[in-house]
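Residues per chain are reported as follows:
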Amino acid sequence: MSRRRDPVPFAFLAEADRFRSNVAPPPRQRSSVGQIAGRWLLGLTIVAGLAGSLILGMPALSTPPSTPVQQSQASQGR
């Protein structure tokens, strides 16, 4: 009484390549003009917000070149 072992641990996966379904998925519903316009508006708003934050934030990140360096009186020994 020897048991036959399958060479593949999951034999049903090997057979899955031969299976073809005869059921087609339902066709995709076409987007309306309002949905397409809403997606474009949302994308444009996000891009404009990122660009605006970059434009407004750049001056805050840069230091003016003509600012004198201030030293405290303690560093001068007084």
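Preceding this paragraph is the structure being described.
Cut-offs and rules
- Every residue gets a number counted from 1 within its own chain, in the order that chain's sequence is written.
- The predicted nature of this model means local features are confined to residues of pLDDT at least 70 and side-chain atom pairs, given and counted, to a pLDDT of 80 or more, with totals for whole chains, interfaces and linings taken over all residues.
- By convention in this description, side-chain values take in all heavy atoms of the structure and omit both hydrogens and water.
- A run of H or I in DSSP becomes a helix once it reaches four residues, and a run of E becomes a strand once it reaches two; helices and strands are each numbered from the N terminus.
- Exposure categories follow from relative accessible area, calculated using a 1.4 Å probe and restricted to protein chains: below 20% of the type maximum is buried, above 50% is exposed, and the middle band is partly exposed.
- For the accessible areas, the method is Shrake-Rupley and the probe is 1.4 Å, while residue cover comes only from the protein chains on display.
- To estimate how far a helix should extend, the number of its residues minus one is multiplied by 1.5 Å.
- As used in this structure description, the phrase polar contact means that two N or O atoms lie within 3.5 Å; if the pair is within protein, one of them must be able to donate a hydrogen and the other to accept it, and residues adjacent in sequence are counted only when both atoms belong to side chains.
- Without a salt bridge and with relative accessible area above 30%, a residue can belong to a patch; like charges are then joined within 9 Å and nonpolar side chains (Val, Leu, Ile, Met, Phe, Trp, Tyr) within 5 Å.
- Think of a salt bridge as a Lys or Arg side-chain nitrogen and an Asp or Glu carboxyl oxygen that are within 4 Å of each other.

K.L.:
Account for the overall build of the protein chain, naming residues and giving values.
P.N.:
Helices and strands together make up the secondary structure of the protein chain, namely two helices and zero strands. Counting across all 78 residues of the protein chain, residues that qualify as buried make up 0%. For the protein chain, the exposed area adds up to about 8,500 Å²; of that, 62% sits on carbon and sulfur atoms.

K.L.:
Let's hear about helix 2 (residues 33-61): which residues, and what values?
P.N.:
A rise of 1.5 Å per residue sets the reference length of helix 2, with its 29 residues, at 42 Å; its end C-alpha atoms lie 42 Å apart and thus fit the reference within 8%. The buried fraction of helix 2 amounts to zero of the 29 residues, a small share that puts the element mostly on the outside.

K.L.:
An account of the environment of Ser-62 is needed here, citing residue identities and associated values.
P.N.:
The topology assignment puts Ser-62 in the segment after helix 2. Within polar-contact distance, the side chain of Ser-62 engages the backbone oxygen of Pro-59 at 3.3 Å.

K.L.:
Residues and numbers for a nonpolar patch on the surface, please.
P.N.:
Where nonpolar side chains cluster on the molecular surface, the patch consists of Leu-42, Ile-46 and Leu-50 and spans about 320 Å² of accessible area. Positionally, Ile-46 belongs in helix 2. We classify Ile-46 as partly exposed; its relative accessible area is 49%.

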